[in-house]
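Tertiary structure, described
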Amino acid sequence: MPGTRVREASPAVTMLQSLIVFLRAHRPYSSIPPAQIEFLAKRLQSRYYARGQSVVPDGGLCIVRRGRIELSGDDAIVLEAGATLLGQCSGIAATDTLCLELDADGLDALVRQAPALSQALGATGRRRRPTRAGRSPGSRPD
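Nothing here was measured: the structure is a model prediction, and the numbers come from that model. (Residues numbered from 1 in each chain as written. Predicted model: local features only at pLDDT ≥ 70, side-chain atom pairs only at ≥ 80, totals over all residues. Heavy atoms only, no water.)

**Topic: the overall build of the protein chain**
Across its full length, the protein chain holds four helices and eight strands. Put simply, the protein chain has 142 residues, and 39% of those count as buried. Carbon and sulfur atoms form 49% of the exposed surface of the protein chain, whose accessible area is close to 8400 Å². (Helix = DSSP H or I, 4+ residues; strand = E, 2+ residues; numbered from the N terminus. Buried < 20%, exposed > 50% of the residue type's maximum accessible area, 1.4 Å probe, protein only. Areas by Shrake-Rupley, 256 points an atom, 1.4 Å probe, with all protein chains shown as cover.)

Shown next as C-alpha cells:
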C-alpha cells in the first residue's frame, strides 16, 4: 500500500499565516474580522531599519514587527512589537528593527476594503498619531 502524500504549505502561505498570527496577537488587529486581516497581511511589505536609521511610513502604515522605534519630537515614546505608526509620523530605530509597511495608496485601499480595520485604526477621515498596543497618546486604558 503506497504511503500517504503530505502536501506541505508553500513558503509564501506559511509566511502569510505567520504574519496573520502576529497581527491577531496585537491590538487593534486582534479584534478585526479574519478576512480583513488577511487583506492587510497580503499587502504589507517588510522593511529593515538599522539602529539609528530614520523610520518614516510615507503617509501610510508602519507596524513594528521586531525591534523598537523612538518617536521624533518631545513625546519620548518608544514603540515596540505590534505598535503602529500611521500617517505622517516619524521616528528613529532604537535597535535594528523590522517593520511591516503599507504605503499611502495601500492605506487608502484598506480604508475602502476593510472598514472594521480602518475604523479601528482611526484612518477614516483622520490620521492618528502612532499607536502603542492599540492606543493613541492621550487615550485611556481599557
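**As for the confidence of the model for the protein chain**
Of the residues in the protein chain, 75% reach a pLDDT of 70 or more, and the chain-wide mean stands at 76. Between residues 123-142, whose pLDDT stays under 50, and residues either more than four places distant or in other chains, the model counts 46 contacts. (pLDDT = per-residue confidence, 0-100. Contact = heavy atoms within 4.5 Å.)

**Structural notes on the pairing of strand β3 (residues 61-66)**
Both faces of the sheet carry side chains from a regular strand, because those side chains alternate between them. Direction of pairing for β3 relative to strand β6 (residues 84-86): antiparallel, over a ladder of three bridges. Across the sheet, Cys62 pairs through a bridge with Leu85, a residue of β6. Sheet analysis places β3 next to strand β8 (residues 97-102), joined by five bridges and oriented antiparallel. Bridge assignment links Val64 to a residue of β8, and that residue is Cys99. (Pairing = 2+ DSSP bridges.)

**Concerning the sheet that holds β3**
Reading across the sheet, the four strands line up as β1-β8-β3-β6 and stay open at both edges, with antiparallel pairing between neighbours. Every other strand in the sheet has two partners, leaving β1 (45-49) and β6 as the edge strands with one partner each. Shown here is a sheet whose adjacent strand axes are inclined to one another by a mean of 30°, direction ignored. (Axes fitted to C-alpha atoms, helices over the stretch in contact; angles between N-to-C directions.)

**Brief notes about the pattern of salt bridges**
Taken as a whole and assessed by the stated rule, the structure comprises two salt bridges. A salt bridge links Glu38 to Lys42; the shortest N-O distance between them is 3.0 Å. We classify Glu38 as partly exposed; its relative accessible area is 31%. Between Arg47 and Glu101 there is a salt bridge, and its shortest N-O distance comes to 3.7 Å. In this pair, Arg47 is assigned in strand β1 and Glu101 in strand β8, connecting sequence segments 54 residues apart. By relative accessible area, Arg47 is classed as partly exposed at 40%. The class of Glu101 is buried, set by a relative accessible area of 12%. (Salt bridge = Lys/Arg side-chain N within 4 Å of Asp/Glu carboxyl O.)

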